[in-house]
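# Understanding the architecture of this molecule
One-letter residues, chain by chain:
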Amino acid sequence: MKIGIIYHKDYNKYDLGVDHPLVGDKPGKTMDLLKEKSILKDAKIFTPKQANEEDLLRVHTKEYVNKVKELSRTGGMLSSDTPAPVGIFEIASLTAGGTILAGEKLFDGYQCMVNPLAGFHHASKNTSSGFCFFNDIAIVIEYLRKKYRLKRFMIVDVDVHHANGTQEIYYFDPSVLKVSFHQDGRTLYPGTGSIEKIGGDKGEGFCVNLPLPPGTGNKSYLKAFSEIVPKLADQFNPEIIIHQSGVDTHHDDPLADLCLTYQAYYHMAKKMREISVAGCDRLLVLLGGGYNSSSSVQSYYNVMCGLLGREDYIKEDEIPDQKVGEVEGLISELKGLLRPYWVL
């Protein structure tokens, strides 16, 4: 398998402040661990450039882009939870450019591409919060749609926070199948992603939300993943799969309440790779959120092991899953809602 990683030393400048959950150390620490574990011997590293304004404007409004530019010049607050430090426009554009480059490489001989600072799914067309500035997921979709005339995109987002920005952008779009597994929005930011939200108009059935209760562990989470994602991918037959593989579902993450362990990220990434190989063989992996630096970096390493099929992934003691019955009920409810559109 031909795999590449996008990285720029300036990724570590995506830092929202010393007292903020999103600090700029994870990309560099992730690359250090991948080098230490010899992962980088199996992957080619590419250096991105900033996305240009045309790329940003395929998704975001001119008003919003100008707002981020101005905040980047003066410093300030994009939203109540998202400081905008001086220079953030350039760094956020660089991360979006990294995702575009990763998407390009999937049409240049690579089967899997990874961007370690990406998956900013809370940004919508004209607003954002949740530590996000530009929605690189939508930006790469619109870039590839224009350049390669693609017609079917699949997003599998496993960040603990619901992908509200991505959902808002594509809620009515049947060309983008959006799958989000997240902690129930009644218990966590951004408060969206209820199971009943399945898309609108022509996009009905192309928005799949599984809101999980606090305390959900490996057993029920992986069961849900294996029962839903492969069948959707097989029937939708995407031309590219975008996997937002946030690891803030880990039990040590300070911002959420799910209870996954390191091995869950290995098994999900391995399954995503199998799904891709069986279909389009183009998998774009965006490493997404994680707010305990140590556990996040180790989880990202396990994602890479799963993609590469390496067995030397990090393991830890399993946490008893107390939510199996509740999650099984949610799986059944979701299958019922989707029955008019998919065979699950």
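You'll find the structure just up there.
Quantities reported herein were computed from a predicted structural model and do not represent experimental measurements.

Conventions used here
- Residues numbered from 1 in each chain as written.
- Predicted model: local features only at pLDDT ≥ 70, side-chain atom pairs only at ≥ 80, totals over all residues.
- Heavy atoms only, no water.
- 1 Å grid on protein atoms, 1.4 Å probe; cavity = no way out; pocket = protein on both sides within 12 Å on 5 of 7 lines; lining within 4 Å.
- Points joined across faces, edges and corners; volume = space filled by probe spheres on them.
- Helix = DSSP H or I, 4+ residues; strand = E, 2+ residues; numbered from the N terminus.
- Nonpolar A, V, L, I, M, F, W, Y, C, P; charged D, E, K, R; others polar.
- Pairing = 2+ DSSP bridges.
- Axes fitted to C-alpha atoms, helices over the stretch in contact; angles between N-to-C directions.
- Contact = heavy atoms within 4.5 Å.
- Buried < 20%, exposed > 50% of the residue type's maximum accessible area, 1.4 Å probe, protein only.
- Right-handed = clockwise from strand over helix to strand, strands pointing away.
- Expected span 1.5 Å × (residues − 1).
- Polar contact = N/O pair within 3.5 Å; in protein donor to acceptor, adjacent residues only side chain to side chain.
- Phe/Tyr/Trp six-rings, centres within 6.5 Å; stacked < 30°, edge-to-face > 60°.
- Parallel < 35°, antiparallel > 145°, perpendicular 65-115°, else oblique.
- Left-handed = near helix turned anticlockwise from the far one by under 90°.
- Salt bridge = Lys/Arg side-chain N within 4 Å of Asp/Glu carboxyl O.

## A closer look at empty space enclosed by the protein
Scanning all chains against the criterion turns up two cavities of 30 Å³ or more. For the largest cavity, the calculated volume is near 220 Å³. Looking at the largest cavity, it is lined by 24 residues, and the ones nearest its centre are L22, F120, G288, G289 and Y291. The element best represented in the lining of the largest cavity is helix α1 (residues 26–36), accounting for three residues. When the residues that make up the lining of the largest cavity are grouped by side-chain class, the tally is twelve nonpolar, ten polar and two charged. If you go around the second largest cavity, the residues you meet are I155, D157, H162, A163, T166, Q167, K178, V179, S180, C207, V208 and N209. Among the residues forming the lining of the second largest cavity, the class breakdown is five nonpolar, five polar and two charged.

## Things to note about the sheet that holds strand β8 (residues 207–212)
One open sheet accounts for eight strands, arranged β2-β1-β5-β10-β9-β6-β7-β8; its pairing is parallel. Each end of this open sheet is capped by a strand with a single partner; those strands are β2 (44–46) and β8. Averaged over all neighbouring strand pairs, the angle between strand axes comes to 15 degrees, with direction disregarded. Its contacts with the sheet place helix α7 (residues 218–236) against β6 (153–157), β7 (176–183) and β8, and it is angled at close to 175 degrees to β7.

## Side note on the pairing of β6
Within β6, five of the five residues are buried, leaving the element largely enclosed by the surrounding structure. Across five bridges, β6 lies against β7 in parallel orientation. For D157, the partnering residue across the bridge sits in β7 and is S180. In terms of handedness, the path from β6 via helix α6 (residues 164–170) over to β7 forms a crossover that is right-handed. When β6 meets strand β9 (residues 240–244), the two strands line up parallel, connected through five bridges. For D157, the partnering residue across the bridge sits in β9 and is Q244.

## Focus on helix α9 (residues 293–308)
With 16 residues, α9 ought to run about 22 Å at 1.5 Å a step, and its terminal C-alpha atoms sit 23 Å apart, in line with that. Among the 16 residues that make up α9, twelve are buried, leaving the element largely enclosed by the rest of the structure. Within the sequence span of α9, burial applies to S295, S296, V297, S299, Y300, Y301, N302, V303, M304, C305, G306 and L307. Elements in contact with the buried residues of α9: β1 (3–6), α1, β5 (112–115), α8 (262–278) and β10 (283–286). Taking the backbone nitrogen of S294 as reference, a side-chain oxygen 3.1 Å away marks N292 as the first, capping residue of α9. Looking one or two residues past α9, G309 carries a phi angle of roughly 75 degrees, positive in sign.

## Concerning the packing of aromatic side chains
Tallied over the full model, the rule gives 15 aromatic pairs. Seen in terms of ring centroids, F89 and F134 are 5.8 Å apart; in terms of plane orientation they differ by 90 degrees. Their pairing is edge-to-face. Placement of the pair is F89 in helix α4 (residues 88–105) and F134 in the loop between β5 and α5 (136–148), with a sequence separation of 45 residues. What makes F89 buried here is its relative accessible area of 12%. Judged by relative accessible area, F134 falls into the buried class, the value being 1%.

## Here's the deal with the packing of α4 against α5
For any two helices packed against each other, the geometry is given by the interaxial angle and the distance between the axes. Where α4 meets α5, the closest approach of the two axes is 9 Å, and the angle between their N-to-C directions is 40 degrees. Between α4 and α5, the interaxial angle falls into the category oblique. Considering the relative orientation of α4 and α5, their crossing is right-handed. Listed contacts from α5 to A96, T99, I100, G103 and E104 of α4 are D136, I139, V140, Y143, L144, K147 and Y148. Of the residues in the contact of α4 with α5, the class split is seven nonpolar, two polar and three charged.

## Here we look at the side chain of E142
Tracing the backbone through its elements, the reader meets E142 in helix α5. Residue classification places E142 among the buried positions, given a relative accessible area of 16%. When residues no more than four places from it in sequence are discounted, the contact partners of E142 are R58, V59 and Y170.

## Describing the layout of surface pockets
Volume-wise, the largest pocket comes out at about 190 Å³. At three residues, helix α10 (residues 324–338) tops the list of elements feeding residues into the lining of the largest pocket.

## Things to note about the pattern of salt bridges
Counted under the stated rule, the structure contains 20 salt bridges. With a closest N to O distance of 2.7 Å, R186 and D184 form a salt bridge. Each of the salt bridges in this network shares a partner with another, and the network as a whole consists of K9, D10 and K13.

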